[in-house]
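Take a look at the letters that make up each chain.
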Amino acid sequence: MTGAVDRNAACSVKWCDETGTHAVHRKYIASLPAGLRGAGLVGVNLAQRVQPRATVCVELTVTTPWASTAGHLFAASCVADIAVALTEAAERATELHAIRQGNNE
Ligand SMILES: [Zn+2]
């Protein structure tokens, strides 16, 4: 192989949003403010490592102003359970916050 790789070359995988050389095919689904006072963004992507027979996974990324972006690939079959657990934790956090607010008044 010779010559520079075109940074803007579209990926041959149709659903992939990445261009140029990349180790993971990725489609960006959502980017949401997720921290206290809007600090940080959570990204939800479709992701597939550029390897033969790699599985398409769900990727969650966390970007903050103070650290490099962290990411994790989840098996698609696990995501529904994680979503349920996140929702339950959020409900309990909201309840606990409300109780604490009540006690302080
Ligand atoms: Zn790609």
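Residues numbered from 1 in each chain as written. Predicted model: local features only at pLDDT ≥ 70, side-chain atom pairs only at ≥ 80, totals over all residues.

### Some details on the domain arrangement of the protein
For step 1, the next point in the chain: Partitioning the protein into domains gives domain 1 (10-74) and domain 2 (77-105).
For step 2, the next point in the chain: For domain 1 and domain 2, the distance between their C-alpha centroids amounts to 26 Å. (Domains from an automatic or database assignment.)

### Section: the environment of Leu32
For step 1, the next point in the chain: In this fold, Leu32 is placed in strand S1 (residues 24-33).
For step 2, the next point in the chain: Leu32 sits 58 residues away from Ala90 along the chain, and the two C-alpha atoms are 16 Å apart.
For step 3, the next point in the chain: With near-sequence residues (within four places) excluded, Leu32 lies in contact with Leu41 and Val42. (Helix = DSSP H or I, 4+ residues; strand = E, 2+ residues; numbered from the N terminus. Contact = placed C-beta atoms within 7 Å.)

### Here we look at the sheet that holds S1
For step 1, the next point in the chain: Reading across the sheet, the 4 strands line up as S1-S2-S3-S4 and stay open at both edges, with antiparallel pairing between neighbours. Every other strand in the sheet has two partners, leaving S1 and strand S4 (67-74) as the edge strands with one partner each. Pairwise comparison of adjacent strand axes, ignoring direction, gives a mean angle of 25° for this sheet.
For step 2, the next point in the chain: As defined by bridge partners, S1 adjoins strand S2 (residues 41-49) across 9 bridges and the pair is classed as antiparallel. Within S2, the position partnered with Arg26 by the bridge is Ala47. (Pairing = 2+ DSSP bridges. Axes fitted to C-alpha atoms, helices over the stretch in contact; angles between N-to-C directions.)

### Some details on the environment of His72
For step 1, the next point in the chain: The residue His72 is located in strand S4 in this model.
For step 2, the next point in the chain: Sequence spacing of His72 and Asn8 is 64 residues, and the spatial spacing of their C-alpha atoms is 25 Å.

### Quick look at the pairing of S2
For step 1, the next point in the chain: Note: S2 against strand S3 (residues 57-64), 7 bridges, orientation antiparallel. Note on S3: the bridge partner recorded for Leu46 is Val58.

### Observations regarding the pairing of S3
For step 1, the next point in the chain: For S3 and S4, the ladder comprises 6 bridges, and the chain directions are antiparallel. Looking at S4, one finds that Val62 is bridged to Ala70.
For step 2, the next point in the chain: Hairpin remark: S3 followed by S4, antiparallel, with 2 residues in the connecting loop.

### A closer look at the environment of Val42
For step 1, the next point in the chain: Along the chain, the position of Val42 falls in strand S2.
For step 2, the next point in the chain: For the pair Val42 and Gly71, spaced 29 residues apart in sequence, the C-alpha to C-alpha distance is 9.4 Å.
For step 3, the next point in the chain: Ignoring sequence-local partners within four residues, the contact set of Val42 consists of Leu32, Ala34, Leu60, Thr61 and Val62.

### Section: unusual backbone geometry
For step 1, the next point in the chain: With a phi close to 60°, Arg53 is a non-glycine residue in the positive phi region.
For step 2, the next point in the chain: Structurally, Arg53 is set in the loop between S2 and S3.
For step 3, the next point in the chain: On the basis of neighbour count, Arg53 is assigned to the exposed category, with 5 C-beta atoms found within 10 Å. (Buried ≥ 20, exposed ≤ 12 C-beta atoms within 10 Å, placed from the backbone.)

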